[in-house]
Amino acid sequence: MNYSKRVMDLYENPKNIGKLDEDDQNVGTSVVGSPSCGDVIKFQIRVDDGGKIADAKFKAFGCGAAIASSALVADWVHGKSLDEAQHITNTEVADYLSLPPVKAHCSVLVEEAVTKAIENYLSKKKGN
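Predicted model, so just to flag it, every value in this text is computed and none were measured. (Residues numbered from 1 in each chain as written. Predicted model: local features only at pLDDT ≥ 70, side-chain atom pairs only at ≥ 80, totals over all residues. Heavy atoms only, no water.)

Quick word on the overall build of the protein
Counted only if it meets this: By the criteria applied, helices consist of DSSP H or I runs no shorter than four residues and strands consist of E runs no shorter than two, each listed in order from the N terminus. To get the radius of gyration, use the C-alpha atoms; to get the globule rule, take the number of residues to the power 0.38 and multiply by 2.2 Å. The classification of residues rests on relative accessible area computed with a 1.4 Å probe and restricted to protein chains. Under 20% of the type maximum is buried, over 50% is exposed, and intermediate values are partly exposed. Contacts were defined at the residue level, with two residues in contact if any of their heavy atoms lie within 4.5 Å. To be clear on the numbers: accessible area is Shrake-Rupley with a 1.4 Å probe, and residue cover counts the displayed protein chains and nothing else. Only four residue types enter the charge count: Lys and Arg as positive, Asp and Glu as negative, with His and the chain ends excluded. Charge coordinates come from a single atom per side chain, which is NZ of Lys, CZ of Arg, CG of Asp or CD of Glu.
On a plain count of helices and strands, the protein comes out with five helices and three strands. Scanning the protein from its N terminus toward the C terminus, one meets helices and strands in the order α-β-β-β-α-α-α-α. By the compact-globule yardstick of 14 Å for 128 residues, the protein fits well, its C-alpha radius of gyration being 14 Å. Each principal axis of the C-alpha atoms in the protein carries an extent, and together these give about 50 × 30 × 20 Å. Burial analysis of the protein (128 residues in total) assigns 43% to the buried set. Nonlocal contacts in the protein, meaning residues at least 24 apart in sequence, comprise 62% of its contacts between residues at least 6 apart. Carbon and sulfur atoms make up 49% of the accessible area of the protein, which totals about 6,600 Å². Placing the 15 positive and 18 negative side-chain charges of the protein at their respective mean positions leaves the two points 3 Å apart.

Description of the pairing of strand β1 (residues 27-34)
To keep it simple, the criterion reads: Strand pairing follows a simple DSSP-based rule, namely that at least 2 bridges must link the two strands.
The pairing of β1 with strand β2 (residues 39-47) spans eight bridges and is classified as antiparallel. When the sheet's bridge partners are listed, Thr29 is paired in β2 with Gln44. The turn linking β1 back onto β2 is made up of four residues, and Gly38 within it adopts a positive phi angle of 95°.

Observations concerning helix α4 (residues 90-97)
For an α-helix, 3.6 residues make a turn, and residues three or four places apart therefore share a direction. Where we set the bar: By definition, the arc is the one covered by directions from the helix axis to the C-beta atoms.
Residues of α4 that are buried include every one of Val93, Ala94 and Leu97, and no others. One face of α4 carries all of its buried residues, which in axial projection span an arc of 95°. The inward-facing, buried residues of α4 abut α1 (5-12), α2 (64-77) and α5 (104-127). After α4 finishes, the residue Ser98 shows a positive phi value of roughly 55°.

Quick look at the environment of Glu119
Mapping Glu119 onto the fold places it in helix α5. Glu119 sits 89 residues away from Ser30 along the chain, and the two C-alpha atoms are 8.7 Å apart.

Topic: the packing of aromatic side chains
The condition is simple: Centre distance within 6.5 Å is the pairing criterion for rings of Phe, Tyr and Trp, where only the six-membered ring of Trp is used; planes under 30 degrees apart are then read as stacked, over 60 as edge-to-face, and the remainder as tilted. Cation placement over rings: the criterion is NZ of Lys or CZ of Arg within 6 Å of the ring centroid and within 35° of the ring normal.
Inspection of the entire model under this criterion finds one aromatic pair. Centroid distance Trp76 to Tyr96: 5.4 Å. Interplanar angle 70°. Geometry classified as edge-to-face. Remark: Tyr96 occurs in helix α4 and Trp76 occurs in helix α2; sequence separation between them is 20 residues. Using a relative accessible area of 24% as the deciding quantity, one classes Trp76 as partly exposed. Geometry around Tyr96 places Arg6 over its ring, the cationic atom sitting 3.8 Å from the centre.

Here's the deal with the nonpolar core
Convention followed: We define the nonpolar core as a collection of buried residues of types Ala, Val, Leu, Ile, Met, Phe, Trp, Tyr and Cys that are connected through side-chain atoms lying within 4.5 Å of one another.
One finds Ile41, Phe43, Ile45, Val73, Val77, Leu82 and Leu97 to be the most contacted residues of the largest nonpolar core, which totals 36 residues. Elements supplying a minimum of two residues to this core: α1, β2, β3 (53-61), α2, α3 (82-86), α4 and α5. Residue contacts for Val73: discarding those within four places in its chain leaves Phe43, Val93, Val110 and Val114.

Below, the structure is given as structure tokens:
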């Protein structure tokens, strides 16, 4: 499969790989995907006191499109409000990366990962 230059750049030189402290009340964590399809993404955000995403980390196991999509979105959410981050769509990711249709599910996974990380963060805040 031929990937775009953007996918290859993000796959070969991904930023924001790592993890944040899941016990931190300002960190939201999600794990999405299916080992049976081969793509699993762990996505985390840290939200500052002003409600902006101050940091984002990910670990992705799977194809180059899953890793590139995760790296891209981890970069895109920096500095955004939770609402702004939730409005990043899988279509924007797929279009930006020129993902082939057979790999569109990778952009869907990362959109789901962001949503679930935000939900996890908000549930922690609600519990306080």
